[in-house]
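Now for the letters of each chain:
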There are 2 protein chains.
Amino acid sequence: PKKQMPRSRTRFDNRGMSLEEEINESNQFYRARDLAVVYKKPIPLQIVKVDYPKRSAAVIKEAYFRQPSTTDYNGVYRGYYLDFEAKETKNIASFPLKNFHDHQIEHMRRCLRQAGICFVIMRFVSLDRLFIYPASPLIVYWDQQASGGRKSIPLSQIETGGFEVHYALKPRIPYLGAVDQLIASLTIQKGDHHGQ
Amino acid sequence: PKKQMPRSRTRFDNRGMSLEEEINESNQFYRARDLAVVYKKPIPLQIVKVDYPKRSAAVIKEAYFRQPSTTDYNGVYRGYYLDFEAKETKNIASFPLKNFHDHQIEHMRRCLRQAGICFVIMRFVSLDRLFIYPASPLIVYWDQQASGGRKSIPLSQIETGGFEVHYALKPRIPYLGAVDQLIASLTIQKGDHHGQ
Ligand SMILES: [Mg+2]
Ligand SMILES: [Mg+2]
């Protein structure tokens, strides 16, 4: 029989949710506590055929998934616009850039130019570690690929340039703490972005 | 034969676009010029049945429209989180509150508590006038309904409490100018919301 890979340490209160479900649940928690208003963007669909039966709800009979032109999540936190992707890797030493798409990177560039707070929630599945990694250094890595740069971001760089998030109970992914750190680091670098 | 209502004055360069299409086009213009990153949120759907034909794209065969839990548009502009609804009325003297839903008002309350810039783009179809009306006074009117308040916002109040937007060519609905005025009015009232 096929040899099974050793399973990673069972996560605290892991009830088999996907990263996306865990983030959705965390967002719900944050909304209920009035701490942030962040939603997953619905997947855009191209609707081709809709039936309108009498006395009941319209039924979509033919539709196709469209490539999202932006990132997974956005919302507002303490007056800041948050915009982020959630991505996972099974790698243990680096995060592959092929997880990102051109249009996502372009969207992040645009949001950064508008002084949005943009990042990726990166999960290293096998290490069971989570990070918030800012869009700015990600974009540097992305652009360097074209001039022979590496195709992944080393974990060591994510540890120093990112902000680790530790799984908890309420919410499961308490990422706003890491967002506070990210905002503080930007404020030190550039001053308050509303203070022009 | 049925008597036809006199048509309202033809709008400048009106090519029969809906308000939503005009706003989408304006957002595209703003993105292309790097002035703001604002998108219409896709309509949330409940997907029931998907076919995965070999060698071609997945086809959604059964899905239903879900009531959106938030507003129509959001995005980032000069470091500010923007969140807004687009609504029209054929009335000429007031804007009916029945155009809004409870969950939209609740979403606006939450966004305001996070210091987001929330408003409605209101169009008076018959008058061919457009306004940005801030969420705060809208919510006051909304809440007063329960204690016998009026069911609509008088145009005179929208003229004084809102910011008129004049149709143009590029973009068709240049609403960021009115957003600047709204932000300026909030800054005078409360000070810079990032300056805590
Ligand atoms: Mg994702
Ligand atoms: Mg609407």
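Computed from a predicted structure; not experimentally measured.

A. Region of the structure containing the confidence of the model for chain A. All names here are of chain A. Averaged over all residues, the pLDDT of chain A is 90; the fraction at 70 or higher stands at 88%. pLDDT under 50 marks residues 4-13. Its contacts with residues more than four places away, or in other chains, come to eleven contacts. This complex was scored by the predictor with a pTM of 0.88 and an ipTM of 0.88.

B. How the structure looks around the coordination of the magnesium ion (ligand 2). Residue and element names in this part refer to chain B. On the protein side, the magnesium ion (ligand 2) has D72 (OD), E85 (OE) and A86 (O) as donor atoms, found 2.2 to 2.7 Å from it. We note that the donor set of the magnesium ion (ligand 2) lies within a single chain, spaced as D-x12-E-A. Residue D72 is located in the loop between β3 (59-65) and β4 (73-77), and its partner E85 is located in strand β5 (residues 80-89); the two are separated by 13 residues in the primary sequence. We note that D72, like E85, is buried.

C. Quick look at the sheet that holds strand β1 (residues 37-40) of chain B. Taking strand neighbours across the sheet as the criterion, the six strands line up as β1-β4-β5-β7-β8-β10 (chain B) in an open arrangement whose pairing is mixed. Because the sheet does not close on itself, it has two edges, and the strands there are β1 and β10 (163-165) of chain B. Pairs of neighbouring strands in the sheet enclose a mean axial angle of 25°, with direction left out of account. Helix-sheet contacts for helix α2 (residues 102-113) of chain A involve β1 and β4 of chain B, and the interaxial angle to β1 of chain B is about 125°.

About the cut-offs
Residues numbered from 1 in each chain as written. Chains lettered and ligands numbered in written order. Predicted model: local features only at pLDDT ≥ 70, side-chain atom pairs only at ≥ 80, totals over all residues. Heavy atoms only, no water. pLDDT = per-residue confidence, 0-100. Contact = heavy atoms within 4.5 Å. Donors = N, O, S within 2.8 Å, 3.2 Å for Na, K, Ca; no water. Helix = DSSP H or I, 4+ residues; strand = E, 2+ residues; numbered from the N terminus. Buried < 20%, exposed > 50% of the residue type's maximum accessible area, 1.4 Å probe, protein only. Pairing = 2+ DSSP bridges. Axes fitted to C-alpha atoms, helices over the stretch in contact; angles between N-to-C directions.

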